[in-house]
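Structural features, examined
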Amino acid sequence: MALAYSDIKVEIREISLRDRPTELYKASDKGTVPVLITQNNQIIDESLEIMIWALKNNSSQRWLSEDSNKEMELIKENDTTFKKWLDCYKYHDRYPENPREYYRDHCGNILSRYEEKLNKTKYFLRDEISITDIAIFPFVRQFANVDYQWFENNYKLLADWLNNMQASNLFLSIMTKYNLWDNKNYPIILDYN
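Residues numbered from 1 in each chain as written. Predicted model: local features only at pLDDT ≥ 70, side-chain atom pairs only at ≥ 80, totals over all residues. Heavy atoms only, no water.

**Observations concerning the overall build of the protein**
Where we set the bar: Secondary structure elements follow DSSP: runs of H or I no shorter than four residues count as helices, runs of E no shorter than two count as strands, and numbering proceeds from the N terminus. Throughout, the radius of gyration refers to the C-alpha atoms, and the reference size of a globule is 2.2 Å times the residue count to the power 0.38. When a residue's accessible area, from a 1.4 Å probe over protein chains only, is under 20% of the maximum for its type it is buried; when over 50% it is exposed; and in between it is partly exposed. Note on contacts: a residue pair qualifies if any of its non-hydrogen atoms lie within 4.5 Å across the two residues. For the area figures, the Shrake-Rupley method with a 1.4 Å probe applies, and any residue is considered shielded solely by the protein chains shown. In this tally Asp and Glu are treated as negative and Lys and Arg as positive; neither His nor the chain ends contributes. To locate a charge, the coordinates of NZ of Lys, CZ of Arg, CG of Asp or CD of Glu are taken.
What the protein contains, in helices and strands, is 9 helices and 2 strands. Moving toward the C terminus, one meets the helices and strands of the protein in the order α-α-β-β-α-α-α-α-α-α-α. Taken over the C-alpha trace, the protein has a radius of gyration of 18 Å; the compact-globule value for 193 residues is 16 Å, and the two agree within 12%. Each of the three principal axes of the protein carries a C-alpha extent, and together these read 50 × 45 × 30 Å. The buried share among the 193 residues of the protein stands at 36%. A fraction of 62% describes how many contacts in the protein between residues 6 or more apart in sequence connect residues 24 or more apart. When the accessible area of the protein is evaluated, it comes to approximately 12000 Å², of which 47% is carbon and sulfur surface. Side-chain charges of the protein comprise 25 positive and 30 negative groups, with the mean position of each set lying 1 Å from the other.

**Examining the packing of aromatic side chains**
A ring pair, where both rings are aromatic, is described by two values, the distance of the centres and the angle of the planes. Quick reminder of the rule: Think of it this way: a Phe, Tyr or Trp ring, Trp meaning its six-membered ring, pairs with another when their centres are within 6.5 Å, and the plane angle makes it stacked under 30 degrees, edge-to-face over 60, tilted otherwise. In this scheme, Lys NZ or Arg CZ marks a charge over a ring once it lies within 6 Å of the ring centre and within 35 degrees of the ring normal.
The tally for this structure, following the rule as stated, stands at 17 aromatic pairs. Taken together, the ring pairs connect Phe 82, Tyr 89, Tyr 114, Phe 124, Phe 137, Phe 143, Tyr 148, Trp 150, Phe 151, Tyr 155, Trp 161 and Phe 171 into an aromatic cluster. Arg 94 extends its terminal NZ or CZ atom over the ring of Tyr 91, reaching a point 4.2 Å from the ring centre. Over the aromatic face of Trp 150 sits the side chain of Arg 104, whose NZ or CZ is 3.9 Å from the ring centroid.

**Some thoughts on the side chain of Arg 104**
As a reminder of what qualifies: Criterion for a salt bridge: a side-chain nitrogen of Lys or Arg within 4 Å of a carboxyl oxygen of Asp or Glu.
Position of Arg 104 relative to the elements: it lies in helix H5 (residues 100–120). This buried residue, Arg 104, is left without a salt bridge; Asp 105 holds the nearest opposite charge, at 4.4 Å.

**So, helix H6 (residues 131–146)**
In plain terms, the rule: The bend at a residue is defined as the angle formed between two axes, one fitted to the seven residues ending at that residue and one fitted to the seven starting there.
Of all the bends in H6, the greatest, near 35 degrees, is centred on Phe 137, and the proline Pro 138 appears no more than four residues after it. Here H6 has its buried residues at Ile 131, Thr 132, Asp 133, Ile 134, Ala 135, Ile 136, Phe 137, Phe 139, Val 140, Phe 143 and Ala 144. Packed against the buried residues of H6 are helix H3 (47–56), helix H4 (69–90), H5, helix H7 (148–154), helix H8 (156–167) and helix H9 (169–174).

**Describing the confidence of the model for the protein**
Quick note on the threshold: Confidence scores per residue from the predictor, reported as pLDDT, run from 0 to 100.
Taken as a whole, the protein shows an average pLDDT of 91; of its residues, 94% reach a score of 70 or greater. Considering only residues more than four positions removed or in separate chains, one finds that residues 187–193, a stretch of pLDDT under 50, has 21 contacts.

**Considerations on unusual backbone geometry**
A cis amide bond, omega 0 degrees, links Val 33 with the succeeding residue Pro 34. Here Pro 34 shows up in the loop between helix H2 (22–27) and strand E1 (36–37). With phi around 55 degrees, Asp 7 is a residue other than glycine that occupies positive phi space. Checked against the element boundaries, Asp 7 lands in the loop between helix H1 (2–5) and H2. The class for Asp 7 is exposed, based on a relative accessible area of 59%. Despite not being glycine, Asn 41 has its phi angle at roughly 65 degrees, a positive value. Under the relative-accessibility criterion, Asn 41 is labelled partly exposed at 43%.

**Some thoughts on the environment of Phe 143**
Within the secondary structure layout, Phe 143 lies in helix H6. Using a relative accessible area of 0% as the deciding quantity, one classes Phe 143 as buried. Along the sequence, Phe 143 and Tyr 89 sit 54 residues apart, while their C-alpha atoms lie 7.9 Å from each other. Setting aside its immediate chain neighbours within four residues, Phe 143 contacts Phe 82, Leu 86, Tyr 89, Arg 104, Cys 107, Leu 111, Trp 150 and Phe 151.

**Focus: the pattern of salt bridges**
Going through the model one piece at a time under the given rule, you end up with 10 salt bridges. For Arg 126, the salt bridge is made with Glu 128, and the minimal N-O distance between the two is 3.9 Å. The network of salt bridges with common partners includes Arg 62, Glu 71, Arg 126 and Glu 128.

What follows is the structure, encoded as structure tokens:
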């Protein structure tokens, strides 16, 4: 979403994580996605870092504030604490030591704080969208998709926020399904436009 918002043209390579191409490991030893290779061959292999890079290359952007400490604190908590409990909740059968509701309750501790924020402002930190909303959005979406009715019944403001984010033109514009990249016929190119 940050790349599209910043109107940065990229070539997208859809890969299977079950059959990762060697080119992925050539670009990033981590072998995870996403990976962005810039025009000057800079490798950026963290979602948040890609977002920040895109926004810093957009002089008219309004998502990243000058003083982004609050934004980064909230995103960091989401990417560490919330994500840990979210993974346990989504894949509760892999963590049989506790019932699914146990993991859901731990996620709920953070989701309740998000709900409180939305009681004060339209978005998490202000009345206009910010990097915080965009960074946290996919994780809340994953949580809601486990049991949407339960989510909607327990987090009314967050459910409205999620529905608005999912209905946005920006989100809809990036939700294109791509065919898997055939790396045998199209070798990786390290110079993007």
